[in-house]
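Structural overview
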Amino acid sequence: MRALVRRCWGRRPVGGGAGRTPGPQGRALAGLGGPPGGKDGRGSRVREKPPWRVLFFGTDRFSREALRALHAARENKEEQLIEKLEVVTVPSPSPKGLPVKQYAVQAQLPVYEWPDVGSGEYDVGVVASFGRLLSEALILKFPYCLPRWRGPAPIIHTVLHGDTITGVTIMQIRPKRFDVGPILKQETIPVPPKSTAKELEGVLSRLGANMLISVLKNLPESLNNGRQQPTEGATHAPKISARTSCIKWEEQTSEEIFRLHRAIGNIIPLQTLWMDNTIKLLDLVEVTSSVLTDPKFAGQAVIPGSVIYHKPSQKLLVCCKDGWIGVRSVMLKKTLTATDFYNGYLHPWHQKNPQVHPSQCRFQTLRLPTKKQGEKIVAMQQCTK
């Protein structure tokens, strides 16, 4: 999987038409600028070197880190890297707005809510986790453009698949073609063991922000030294939906379930079915060998999905394809500790069904209906490699 900070530069396409970005998450500004030193379609001078006039498009915590770096560069009057910095974000139900808007207001930066993009003159457009399609008319405002972060959910998939290496790539893109341009800057880092997607997001956002500033400082040189991408090895990180959170007890190993929890647990809690009720597993923990060797526990005949309360550790133990996972808290109508769930649900069930084998009291795979038109899809808008 690949996290991309993308930069585009070259001649602008001539004529109108509705230009579209390649997907709904985290990329845009595929149109290119006029020749260096020339004038763009609106009559403004295209700058060949800093200070740049920047319009930033972003929404979330991940993109906020890039905006923070751009703002710090603007405040550094000695380097004179950025002359003007303005922000476009999307409307939010929250009165405070999304993280990018909150930061922009705090930093006293001009901020517009999509589809309002202001009316100023800009040299560089930076798009980070924006999640909106930009028209060609908007693209044509920018002689230089830097879309960032390829793929709807690459950080999630990095954790989900147990990747050990991640990183950020800055690349140049071409008009009418996406994710195929030369690599301008690339850095890799090891994935910390057992890190969550949220933790990895923080690391990569800071790395990408620093790389973005580095590229802006040496824009012409970076373009001249670009190297072609390899033709093989690219992978796609698809969107994450609520169905991704449904545990398949008969198919998934304990390691796969833990990776799923670390990848999406802070966005969508893992879900399962218990006695025709949807239950969310909020706090998953590994099961220690001391628990597994408990005589009372080891003597139970179980099948995948079987759920047992282990009183000494105050955890629910759930059997999966190859072993066990521990659960400290769940949500069923309200948040319950494992002990609360046992006292309120498991123990009463066993009392009502004393003749039924304990393995019949188990979690089952939740089968959600096929996505309907308009259903919301949860997606992280960052990328990794």
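First things first, this report covers the structure right here in the doc. Treat the numbers as computed from the prediction; the structure is a model and nothing was measured. (Residues numbered from 1 in each chain as written. Predicted model: local features only at pLDDT ≥ 70, side-chain atom pairs only at ≥ 80, totals over all residues. Heavy atoms only, no water.)

1. A closer look at the pairing of strand β10 (residues 277-285)
Looking at chain direction, strand β9 (residues 270-274) and β10 are connected through five bridges and run antiparallel. Among the inter-strand pairings, W274 is bridged to a residue of β10, identified as N277. Counting the residues in the hairpin turn of β9 and β10 gives two residues, including M275, whose phi is positive at 50 degrees. By the bridge criterion, five bridges tie β10 to strand β13 (residues 324-332) in an arrangement that is antiparallel. Each bridged residue has a counterpart across the sheet, and for L281 the counterpart in β13 is V330. (Pairing = 2+ DSSP bridges. Helix = DSSP H or I, 4+ residues; strand = E, 2+ residues; numbered from the N terminus.)

2. Focus on the environment of L316
By secondary structure assignment, the location of L316 is in strand β12 (residues 315-319). Remark: the alpha-carbon pair of L316 and T339, spanning 23 residues in sequence, is separated by 8.1 Å. In this structure L316 touches V307, I308, Y309, I325, G326, V327, V330, A338, F341 and L346, once residues within four positions along its chain are discounted. (Contact = heavy atoms within 4.5 Å.)

3. Notes on the pattern of salt bridges
The final tally for this structure, using the stated rule, is 11 salt bridges. Taking the shortest distance from any N to any O, the salt bridge between E79 and K217 comes out at 3.2 Å. Highlighted residues: E79 in the loop between α1 (61-75) and β3 (82-89) and K217 in helix α5 (residues 197-217), separated in sequence by 138 residues. Using a relative accessible area of 43% as the deciding quantity, one classes E79 as partly exposed. Shared partners join several salt bridges into a network, and the residues in it are E255, R259 and R262. (Salt bridge = Lys/Arg side-chain N within 4 Å of Asp/Glu carboxyl O. Buried < 20%, exposed > 50% of the residue type's maximum accessible area, 1.4 Å probe, protein only.)

4. Topic: the packing of aromatic side chains
Counting across every chain of the model gives eight aromatic pairs. Where W274 meets Y345, the ring centres are 6.0 Å apart and the plane angle is 90 degrees; that geometry is what we call edge-to-face. Here the residue W274 occupies a position in strand β9, and Y345 occupies one in helix α10 (residues 338-352), the gap between them amounting to 71 residues. A residue is classified by how much of its surface remains accessible, and W274, at 4% relative accessible area, is buried. For Y345, a relative accessible area of 28% gives the class partly exposed. (Phe/Tyr/Trp six-rings, centres within 6.5 Å; stacked < 30°, edge-to-face > 60°.)

5. Re α1
Between the first and last C-alpha of α1 there are 21 Å, a value that for 15 residues agrees with the 21 Å anticipated at 1.5 Å per step. Among the residues of α1, F62, S63, E65, A66, L67, A69, L70, H71 and A73 are the ones counted as buried. N-cap assignment for α1: the residue whose side-chain oxygen lies 3.2 Å from the backbone N of F62 is D60. (Expected span 1.5 Å × (residues − 1). Polar contact = N/O pair within 3.5 Å; in protein donor to acceptor, adjacent residues only side chain to side chain.)

Such coordinate-based values are descriptive only and should not be taken to indicate function.
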